[in-house]
Amino acid sequence: MARSLACLVAAAALAACASTPPAQPEPVDAGVDDYWALPDGGPEEPIVHPDAGSADSGTSIGGDGGVPVSTTARIIKITPARGGASVATEVTISGEGFTALNGVEVGGVAAGSVTLVDSKTVRAIFQSVDLTQVGKRDVALIFQNKTALLQKEGFEYWFDEDPIVFVHGFSGGAWHWSVMLDRFRAMGYPDSHLNAISYSDSFGSSLPNVQELSLYVSSVLQKTGAPKVDMVIHSMGGLSSRLWIKQGGYKMVRDYMSIAGAHHGTETAYLSWSDGAAEMRPPYACQGDSLNDLQFILNGCLGDSGRLTYEDETPYGVEDGFNISYRAIVSTTDEIVIPHQSGCLNQKQKNDCSDPINTEISWQGHGSILLSRDVFDRTLAHLRTRNRSK
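Keep in mind that what you see is a predicted model, and the values were worked out from it rather than measured.

Caption draft 1: Looking closely at the state of the cysteines. One pass over the structure, following the stated rule, counts two disulfides. Through a disulfide, C286 is tied to C301; the S-S separation comes to 1.8 Å. Between C286 and C301, the S-S torsion sits near 70 degrees, and that sign places the bridge as right-handed. Of this pair, C286 sits in the loop between helix 5 (275-278) and helix 6 (294-299) while C301 is found in strand 14 (residues 301-302), placing the two residues 15 residues apart along the sequence. The disulfide bridge from C344 ends at C353, spanning 2.0 Å between sulfur atoms. Here the S-S torsion is close to 95 degrees, and the disulfide linking C344 with C353 is therefore right-handed. Overall, the relative accessible area of 15% leaves C353 in the buried class. Cysteines bonded in the protein are numbered consecutively along the chain; their disulfide partners then correspond to 1-2, 3-4.

Caption draft 2: How the structure looks around the pairing of strand 4 (residues 103-106). Pairing geometry for strand 4 and strand 8 (residues 135-143), over four bridges, is antiparallel. If you follow E105 over to strand 8, its bridge partner there is A140. Inspection of the sheet shows strand 4 paired to strand 5 (residues 109-110) by two bridges, in the antiparallel sense. Residue pairing for strand 5: V106 is matched across the bridge by V109. From the end of strand 4 to the start of strand 5, which pair antiparallel, there are two residues, and G107 there has a positive phi angle of about 60 degrees.

Caption draft 3: Representation of the packing of aromatic side chains in the model. For the structure on display, the rule yields 11 aromatic pairs. Ring centres of F170 and F203 lie 5.1 Å apart, and the angle between their planes is 80 degrees; this geometry places the pair in the edge-to-face category. You can see F170 sitting in the loop between strand 10 (164-167) and helix 2 (178-186) and its partner F203 sitting in the loop between strand 11 (194-196) and helix 3 (206-224), a full 33 residues away along the chain. Ring geometry for F184 against Y189: centres 5.1 Å apart, planes inclined by 80 degrees, an arrangement best described as edge-to-face. Of the two residues, F184 and Y189, both sit in the buried class. Members of the aromatic cluster, connected to one another through ring pairs, are F159, F166, W177, F184, Y189 and F376.

Cut-offs applied
Residues numbered from 1 in each chain as written. Predicted model: local features only at pLDDT ≥ 70, side-chain atom pairs only at ≥ 80, totals over all residues. Heavy atoms only, no water. Disulfide = S-S within 2.5 Å. Helix = DSSP H or I, 4+ residues; strand = E, 2+ residues; numbered from the N terminus. Buried < 20%, exposed > 50% of the residue type's maximum accessible area, 1.4 Å probe, protein only. Pairing = 2+ DSSP bridges. Phe/Tyr/Trp six-rings, centres within 6.5 Å; stacked < 30°, edge-to-face > 60°.

As structure tokens, this is what we get:
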């Protein structure tokens, strides 16, 4: 009980909680769709199935003498290749007698549209499904009053969202994300795609945390086979995650969601003497003002009426022609990150939340913001806007 009380006191104190731009790689070629990148960096092509299987019956299908369907009817192409659950998928089927075809069903649901290419080829659009509906489905050819399975479990809706890495704040740990993790599971995310790091020293400097985060993300990508992760951060987790991105992690991130981040420090950091707190005080620290100059490295120097030193607060962002889509949510009633505007990104001067990637909400505390259904819905929507199938 004493240990739990100490943790609560620490959390209440600070919970879950260069004048030229740095060189960056050339922007992504507008003609190249990064979202299709495979782990090996090669382009993803539609899957072609030369021997995808055959119908399980040679019986003639159709009324009044019927129209025979070849026992070699098969799926020959799927676009996009993975048949992701979150996107409509075009499936090309080869067979015979398709001039009499009335429709195609997948898992008992009519395809969104069916196009007859010729008497031996048909294209059907399988609509996106809820993530909870991923898995294999039968594909059926519909001829008037007869139905024939193309092949048993002939199509699979793949889970195609990026794995998520959750990064906690000062004095926190993976447990801070328990409610949000449960909500992602309820939406259909498997445990393999829900990964919450616990730093070895949640009170210490963010600099060693960068190394831990790098190893952790690499292990998530190896485990899932995904080329990129989405990142959700809270409080001081914004410092280590953004520094990791600047130092090369940008190659492994698609979407970034900040929730009550302490990106520009906080007044409550004066309540602790740890290195992690010293890096966050004073708020809006310029060069030489705070430990390790971490704020200055990430944000440059901001004054009350403008920038004194430039630094890109959202490195490798889509707005600059790179890969990462950033968003930040802050609460105007945050009792730990003070001023609350510290959590906003792309600021032009101190306390500036005018950039459209920022959203200000009210009536949420620094810890309770992670329990908010509204914040979860906003987070889910941001992370699902893009994935490797879209």
